[in-house]
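Structural overview for review
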Amino acid sequence: DNDGFEDLLEMNYQFPEPGKIANVSIFNVQGVLIKKLLKNFILNNTGSFIWDGLNEQNQPAAGGIYLLKAEFFDINGHISRFSKPFVLAVKFK
C-alpha cells in the first residue's frame, strides 16, 4: 500500500554455482497471471528478487492470496520448480 512498511515481497535464493536461468511469475487464486517477475533471467549463485505488488499494467494488485511460481534450469537441462502461496495484505478503507 506504499505506506513505507512491508511494501515489498523479497524472495531469496541460493544455488551451489551461478548460471541457473529463472522464470518467475505471480498468479492469483484463479490462476490468472498477475506479474512476470523474471523471464529467462540468468542468476548468480545467491541473490534475491522483489515484487512491489504491481500487476503487468503497473497498477496495484488487489489484496488477497497469490501464488509465486518459479522455474529454474541450467544448460544441462536440469529443471527445478517451486511454488509458494502468500498473502498480499492491504488496509481496509
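Another aspect to go through is a nonpolar patch on the surface. Together, Val29, Ile65 and Val87 make up a nonpolar patch on the protein surface, roughly 300 Å² of accessible area in all. On the secondary structure map, isoleucine 65 appears in strand S5 (residues 64-73).

Turning next to the pairing of strand S6 (residues 79-88). With 10 bridges connecting them, S5 and S6 associate as antiparallel partners. The residue bridging phenylalanine 73 from the neighbouring strand is isoleucine 79, located in S6. The loop that links S5 with its antiparallel partner S6 comprises 5 residues; one of these, glycine 77, has a positive phi angle of about 90 degrees.

Attention now goes to the environment of lysine 36. Of note, lysine 36 is situated in strand S3 (residues 33-42). Separated by 44 residues in the primary sequence, lysine 36 and serine 80 place their C-alpha atoms 18 Å from one another. Once you skip the residues sitting within four places of it in the chain, lysine 36 turns out to touch Val24, Ser25 and Glu56.

What follows deals with the nonpolar core. Val24, Ile26, Leu37, Phe49, Trp51 and Leu68 are the most contacted members of the largest nonpolar core, which has 18 residues in total. Within the residue set of this core, elements represented by two or more residues are strand S1 (9-14), strand S2 (21-28), S3, strand S4 (46-51) and S5. Ranked by residue count, the leading element in this core is S5, at 4 residues. Look past the residues within four positions of isoleucine 26 in its chain and what remains in contact with it is Val32, Leu33, Ile34, Lys35, Leu37, Trp51, Tyr66, Leu67, Leu68 and Phe86.

Cut-offs applied
- Residues numbered from 1 in each chain as written.
- Predicted model: local features only at pLDDT ≥ 70, side-chain atom pairs only at ≥ 80, totals over all residues.
- Heavy atoms only, no water.
- Patch = residues over 30% accessible without salt bridge, like charges linked within 9 Å, V, L, I, M, F, W, Y side chains within 5 Å.
- Areas by Shrake-Rupley, 256 points an atom, 1.4 Å probe, with all protein chains shown as cover.
- Salt bridge = Lys/Arg side-chain N within 4 Å of Asp/Glu carboxyl O.
- Helix = DSSP H or I, 4+ residues; strand = E, 2+ residues; numbered from the N terminus.
- Pairing = 2+ DSSP bridges.
- Contact = heavy atoms within 4.5 Å.
- Core = buried A, V, L, I, M, F, W, Y, C linked by side-chain atoms within 4.5 Å.
- Buried < 20%, exposed > 50% of the residue type's maximum accessible area, 1.4 Å probe, protein only.

Any functional reading would require information beyond the geometric quantities listed.
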